Amino acid sequence: MANTDAPFGFVPYGKLLSADWYPVAASYATAIFVGDWVEITNTGLVCKIFDGDTRMGVEIDATGAAGDELGAVLAILDHNGDPVKYLPASSAGDGVVAGYVLVADHPLQEFLVQEDGDTTPIAAASVGLNVAMISTHSGSTVTGRSRQEIDSSSVNTTNTLALRILKSYKNDEVGSAFCRWIVQPNPNAHFKSSATAI
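Residues numbered from 1 in each chain as written. Predicted model: local features only at pLDDT ≥ 70, side-chain atom pairs only at ≥ 80, totals over all residues. Heavy atoms only, no water.

(A) Layout of the pairing of strand E14 (residues 180-185). For E14, the buried fraction is high: 5 of the 6 residues fall into the buried class. Judged from the 4 bridges that link them, strand E9 (residues 110-114) and E14 form a sheet pairing that is antiparallel. For Val 113, the partnering residue across the bridge sits in E14 and is Trp 181. Pairing of strand E13 (residues 163-168) with E14 involves 5 bridges; the strand directions are antiparallel. The residue bridging Arg 164 from the neighbouring strand is Gln 184, located in E14. (Buried < 20%, exposed > 50% of the residue type's maximum accessible area, 1.4 Å probe, protein only. Helix = DSSP H or I, 4+ residues; strand = E, 2+ residues; numbered from the N terminus. Pairing = 2+ DSSP bridges.)

(B) Spotlight on the sheet that holds E13. Strand order across the open sheet formed by 5 strands is E1-E9-E14-E13-E10, with antiparallel pairing between neighbours. Bordering the open sheet on either side are strand E1 (11-13) and strand E10 (130-131), each of which pairs with just one other strand. In the sheet, E1 pairs with E9 via 3 bridges, with the strands oriented antiparallel. Residue Val 11 lies in a different strand from E9, and its bridge partner there is Leu 112.

(C) Structural view of the pattern of salt bridges. The full count for this structure, using the stated rule, is 3 salt bridges. Between Arg 55 and Asp 20 there is a salt bridge, and its shortest N-O distance comes to 3.4 Å. Of this pair, Arg 55 sits in strand E5 (residues 53-60) while Asp 20 sits in strand E2 (residues 19-25), and the two are 35 residues apart along the sequence. Judged by relative accessible area, which is 33%, Asp 20 ranks as partly exposed. (Salt bridge = Lys/Arg side-chain N within 4 Å of Asp/Glu carboxyl O.)

(D) Quick look at the sheet that holds strand E4 (residues 37-47). Across the sheet, which stays open at both edges, the 5 strands sit in the order E2-E8-E6-E4-E5 with antiparallel pairing between neighbours. Each having just a single partner strand, E2 and E5 make up the two edges of the open sheet. On average, each strand axis in the sheet is inclined to that of its neighbour by 40°, with strand direction left out of account. Pairing analysis gives 3 bridges linking E4 to strand E6 (residues 69-78), with the strands arranged antiparallel. Within E6, the position partnered with Trp 37 by the bridge is Ala 72. (Axes fitted to C-alpha atoms, helices over the stretch in contact; angles between N-to-C directions.)

(E) Layout of unusual backbone geometry. Positioned with a positive phi, Asp 51 is a non-glycine residue whose angle comes to about 55°. Summarising the element assignment, Asp 51 is placed in the loop between E4 and E5. Even without glycine at this site, Phe 178 takes up a positive phi of about 75°. If you trace the backbone, Phe 178 turns up in the loop between E13 and E14.

(F) Spotlight on the environment of Val 103. Along the chain, the position of Val 103 falls in strand E8 (residues 97-104). For Val 103 and Trp 37, which are 66 residues apart along the polypeptide, the C-alpha to C-alpha distance reads 8.8 Å. Setting aside chain neighbours within four positions, we find Val 103 in contact with Ser 18, Ala 19, Asp 20, Tyr 22, Val 38, Leu 70, Gly 71, Ala 72 and Leu 74. (Contact = heavy atoms within 4.5 Å.)

(G) Local environment of the packing of aromatic side chains. Under the criterion given, the structure shown has 7 aromatic pairs. When the centroid spacing of 5.1 Å and the interplanar angle of 50° are considered together, the rings of Phe 10 and Trp 37 count as tilted. Here Phe 10 is found in the segment before E1, whereas its partner Trp 37 is found in strand E4, with 27 residues between them in sequence. Note on accessibility: Phe 10 and Trp 37 belong to one class, buried. (Phe/Tyr/Trp six-rings, centres within 6.5 Å; stacked < 30°, edge-to-face > 60°.)

(H) Layout of the pairing of E4. Pairing of E4 with E5 involves 7 bridges; the strand directions are antiparallel. If you follow Leu 45 over to E5, its bridge partner there is Arg 55. Where E4 hands over to E5, the hairpin turn is made up of 5 residues, of which Asp 51 adopts a positive phi near 55°.

Written out as structure tokens, the structure is:
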């Protein structure tokens, strides 16, 4: 059966190992959706809804290159702590924080994601290699769901990519466009202090 082209971002696969809330800077230029892959910005932001504590902010990983990778967005709050479907681009928020995202942030967390299959689809022999994510499609403002994918043309042995390919998903047709894969953060790229084992 042919794979279906229906990108949905990143979804935790198996047990959720850990998650925490992270702020997004006011006026951040990119909309954030549930299922988007984010990374640490190394910028401390004062979180008014979390008793004024200061936490490192996050942003969309726009390049898919290895950096301070964190994980996938599970839920979103505006700057007042009210649930929203997505965080619009350039939200002013409270002048410091545009909103907050709950992120599945454990370095061993596995995620389900679709490949884009834009050139050569990911082959079975690619299991264990690294891959970048790609944001070709905009998230849905109706459902609040991401449409990020992994970039099939980026698969490589180098540690300069954000994710590691673990296995294909169920009965998807490997070697054909839009196959779904199980991935996790590249161990050489995950933000080292973001999560602890349960």
